[in-house]
Amino acid sequence: MTTAPAAPRQHLPTPSAPFETHRPWSNWGGNQTATPAFTVRPRNEQEVVDTVRFAIREGLPVRAVGAGHSFTPLVQTGGVQLDLSAVSGVTGTDTGRRRARALGGTPVHAFGDPLWEQGLALSNQGDIDKQSISGAIATGTHGSGIELGSFSSALRWVKLVDGRGDIVEIGEDQIRELRAAQVALGTLGIFLEVELEVAEAYHLQEQITYPTWEETLSTIAADIAGNRHYSFLWCQSEESAGLYELPTPAGLSMVNRSYTKRYNAVHLDEAGGAIDLTEGRRRDRSYRIYPGGFMIPFHELEYYVPAEQGIEAVEAVQDLIRTVHPDQKYPMEVRWVKQDEGYLSPFYHRDTTVISVSGAPGTDYWPYLRDVDRTLQPYDARAHWGKIHFLTRDRVAQLYPEFDTFVQIRREFDPNGVFLNDHTRALLA
Ligand SMILES: Cc1cc2nc3c(=O)[nH]c(=O)nc-3n(C[C@H](O)[C@H](O)[C@H](O)COP(=O)(O)OP(=O)(O)OC[C@H]3O[C@@H](n4cnc5c(N)ncnc54)[C@H](O)[C@@H]3O)c2cc1C
């Protein structure tokens, strides 16, 4: 019996939006790489929807990429990598309700001027402003301030494309879905547009000090409670400050000393020339004060412990560094974040002390980071989803009381796992 040869396929299907095939990708830290079949750069909402539908038709998984500033394998896919950097911009503000809407690919730094012109500002920001707003929300990105929540906690509405290729809006009247969307690691769908609760525009006054560890401890309770933003970077060696490019006074030993930041709101008359750009006592619009710049790469782990145990946990990590890992030189950063409601938020129902440590790229920092993980486990430490961590599904399920609710909602939004990759499947499938 003879069979007719299959007709050759004329063209392999391709996305309708601009795309490249097999383009190597790596993250900011250089510790994550991928070669997706398609890297697609939609120019508008419809092209995002079309790309997700294309992927569903072709049986390809989809992962969104923001600014690539996560250290964990969140973005990797062999299927479609969706880069929303061209779907960007603040789309509206409501000064009375203190709300701002922006497209999913908008970088954090692009909120500053348009919000300020409407008398508004982001309530808080982290150490950099390079992230996309959707990437920041996806991982619970935060700044510091015991009265201030993460970017995720400010999410009030989102329009996304789900795993069926449908556009879905989630607002405050769907509280269960909103709490899932607030920290979702990109697994509910592709965020097209978000609405954030924001603050009235405010200026900040910076104060940088260099206390010894004993001096840091003697004022810490008052500092946490009394400053809008309080954080410090503890240095274990003379080399530490340089690794994070911290400006330090000449001749001062930084061993067992902190680089301490306090930011407080201040009333300024910009026209009267009250802006001060002097390092260590800058006064300026809030969004110009927050972002630092990191040029020297590092690979960071960040864990979250209950605020009431924060200092004990910090001292446990200091002891670990001094006694077991004196070769590890990067500073330890310590910050505070207010509790919130996101089901997968590391700050879920818990005012939090944030402890971050880093290893040097190209060195074997794994024994150190594993020891930090072991040291902080007794404090029920949760972890930054975008920074190195050792959480397994079992640990996540124990640490997050609403884990099962999140998984259920994830399955409702993406029943076929279009938005999963190996990392997120292992944690959240
Ligand atoms: C130098 C540096 C400084 C940092 N400082 C801080 C800090 O101060 N505070 C802090 O908390 N973290 C900080 N981080 C971590 C960083 O904020 C997070 O990893 C954040 O998620 C990165 O955002 P991104 O836009 O780069 O997203 P990516 O890393 O590209 O992606 C993160 C997640 O967002 C998802 N995603 C992106 N876009 C979309 C979309 N449109 N729809 C759905 N999902 C989407 C991705 O799929 C992925 O799961 C820092 C990281 C670096 C490298």
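Residues numbered from 1 in each chain as written. Predicted model: local features only at pLDDT ≥ 70, side-chain atom pairs only at ≥ 80, totals over all residues. Heavy atoms only, no water.

Novice: Give me the site of the ligand: which residues, what numbers.
Specialist: By nearness alone, 36 residues border the ligand, and Ala 64, Gly 66, His 69, Ser 70 and Asp 127 come closest of all. A distance of 2.7 Å separates an oxygen atom of the ligand from a polar atom in the backbone of Gly 66. Measuring from an oxygen atom of the ligand, one finds a side-chain N or O atom of Arg 335 at 2.8 Å. Protein burial of the ligand: of its 970 Å² of free accessible surface, 99% is covered by the chains. Going through the elements one at a time, strand 5 (62-65), helix 3 (133-139) and strand 12 (190-197) are the ones with two or more residues in the shell around the ligand. (Near = heavy atom within 4 Å. Polar contact = N/O pair within 3.5 Å; in protein donor to acceptor, adjacent residues only side chain to side chain. Areas by Shrake-Rupley, 256 points an atom, 1.4 Å probe, with all protein chains shown as cover. Helix = DSSP H or I, 4+ residues; strand = E, 2+ residues; numbered from the N terminus.)

Novice: Just give me the short version of a negative patch on the surface, but keep the residues and values in it.
Specialist: On the surface, Glu 214, Glu 215, Glu 312 and Glu 315 cluster together into a patch of negative charge. If you list the elements that add at least two residues to the negative patch, you get helix 5 (213-226) and helix 8 (310-323). Along the chain, Glu 312 falls in helix 8. (Patch = residues over 30% accessible without salt bridge, like charges linked within 9 Å, V, L, I, M, F, W, Y side chains within 5 Å. Salt bridge = Lys/Arg side-chain N within 4 Å of Asp/Glu carboxyl O. Lys, Arg positive; Asp, Glu negative; His and termini not counted. Charge placed at Lys NZ, Arg CZ, Asp CG, Glu CD.)

Novice: Explain the pairing of strand 10 (residues 155-161) to me, using residue names and the numbers behind them.
Specialist: Here strand 10 lies mainly inside the structure; 7 of its 7 residues are buried. With 4 bridges joining them, strand 10 and strand 11 (residues 167-170) adopt antiparallel strand pairing. Looking at strand 11, one finds that Lys 159 is bridged to Glu 169. Between strand 10 and strand 11, which pair antiparallel and follow one another directly, the connecting turn spans 5 residues, one of which, Gly 165, has a positive phi of 85 degrees. (Buried < 20%, exposed > 50% of the residue type's maximum accessible area, 1.4 Å probe, protein only. Pairing = 2+ DSSP bridges.)

Novice: Describe the sheet that holds strand 7 (residues 90-94), with residues and values.
Specialist: The sheet built from 5 strands is open, its strands ordered 7-8-12-10-11 with antiparallel pairing. With partners counted over all chains shown, the strands left at the sheet margins are strand 7 and strand 11, one partner each. Adjacent strand axes in the sheet meet at a mean angle of 10 degrees when their direction is disregarded. Sheet topology places strand 8 (residues 99-103) next to strand 12; 5 bridges connect them, and they run antiparallel. If you follow Ala 100 over to strand 12, its bridge partner there is Leu 196. (Axes fitted to C-alpha atoms, helices over the stretch in contact; angles between N-to-C directions.)

Novice: Kindly report on helix 1 (residues 45-58), identifying the contributing residues and their values.
Specialist: In a regular helix each residue adds 1.5 Å, so 14 residues correspond to 20 Å; helix 1 covers 20 Å between its end C-alpha atoms and thus fits that length. Residues of helix 1 that are buried: Glu 47, Val 48, Val 49, Thr 51, Val 52, Phe 54 and Ala 55. In the core, the buried residues of helix 1 are packed alongside strand 4 (38-40), strand 5, strand 6 (80-83), strand 10, strand 11 and strand 12. The N-cap of helix 1, judged by a side-chain oxygen 3.2 Å from the amide nitrogen of Gln 46 a few residues on, is Asn 44. Following helix 1 by one or two positions, Gly 59 has its phi on the positive side, about 70 degrees. (Expected span 1.5 Å × (residues − 1). Contact = heavy atoms within 4.5 Å.)

Novice: Tell me about the nonpolar core, and please be specific about residues and values.
Specialist: Core analysis: the largest hydrophobic core is formed by 84 residues, its most contacted members being Leu 155, Leu 188, Leu 196, Leu 344 and Leu 376. Not counting residues within four places of it along the chain, the set of residues in contact with Leu 155 comprises Ile 137, Leu 178, Ala 181, Gln 182, Phe 191, Val 194, Glu 195 and Leu 196. With 19 residues, the next largest nonpolar core counts Ala 17, Phe 54, Val 418 and Phe 419 among its residues. (Core = buried A, V, L, I, M, F, W, Y, C linked by side-chain atoms within 4.5 Å.)

Novice: Can you break down the sheet that holds strand 16 (residues 257-266) residue by residue, with the values?
Specialist: Strands sit in the order 17-14-16-15-19-20-18-21 across an open sheet of 8 strands; the sheet is antiparallel. Of all the strands in the sheet, just strand 17 (283-285) and strand 21 (382-383) have a single pairing partner and so form its edges. In this structure, strand 14 (residues 203-209) lies alongside strand 17, joined through 3 bridges in antiparallel fashion. Looking across to strand 17, one finds that Leu 204 is bridged to Asp 284.

Novice: Give me the packing of aromatic side chains: which residues, what numbers.
Specialist: In the structure shown here, the tally under the stated rule is 19 aromatic pairs. Geometrically, the ring pair formed by Tyr 230 and Phe 232 is tilted, given 6.2 Å between the ring centres and 55 degrees between the ring planes. Classification of Tyr 230 by relative accessible area gives buried; the value is 3%. The class of Phe 232 is buried, set by a relative accessible area of 0%. Between Trp 385 and Tyr 400 the ring centres are 5.7 Å apart and the planes differ by 35 degrees, which places this aromatic pair in the tilted class. Within this pair, whereas Trp 385 is found in the loop between strand 21 and helix 10 (393-399), its partner Tyr 400 is found in the loop between helix 10 and helix 11 (403-413), the two being separated by 15 residues in sequence. For Trp 385, a relative accessible area of 0% puts it in the buried group. (Phe/Tyr/Trp six-rings, centres within 6.5 Å; stacked < 30°, edge-to-face > 60°.)

Novice: Residue-level account of helix 8, with values.
Specialist: Between its first and last C-alpha atoms helix 8 spans 20 Å; for 14 residues at 1.5 Å apiece the expected length is 20 Å, and the two agree. For helix 8, the full list of buried residues reads Gly 310, Ala 313, Val 314, Val 317, Gln 318, Leu 320 and Ile 321. Along helix 8, the residues classed as buried sweep out an arc of 160 degrees about the axis, all on the same side. Lining the buried residues of helix 8 we find helix 5, strand 15 (229-235), strand 18 (299-306), strand 19 (332-337), strand 20 (352-359) and helix 9 (366-376). (Arc of directions from axis to C-beta.)

Novice: Tell me what's going on with the packing of helix 8 against helix 9, and back it up with residues and numbers.
Specialist: For the pair helix 8 and helix 9, the least separation of the axes is 10 Å and the interaxial angle reads 145 degrees. Crossing handedness for the pair helix 8 and helix 9: right-handed. The segment helix 8 lies against helix 9, with Ala 313, Ala 316, Val 317, Leu 320 and Ile 321 engaging Tyr 368, Asp 371, Val 372, Thr 375 and Leu 376. In terms of residue class, the contact of helix 8 with helix 9 is made up of 8 nonpolar, 1 polar and 1 charged. (Left-handed = near helix turned anticlockwise from the far one by under 90°. Nonpolar A, V, L, I, M, F, W, Y, C, P; charged D, E, K, R; others polar.)

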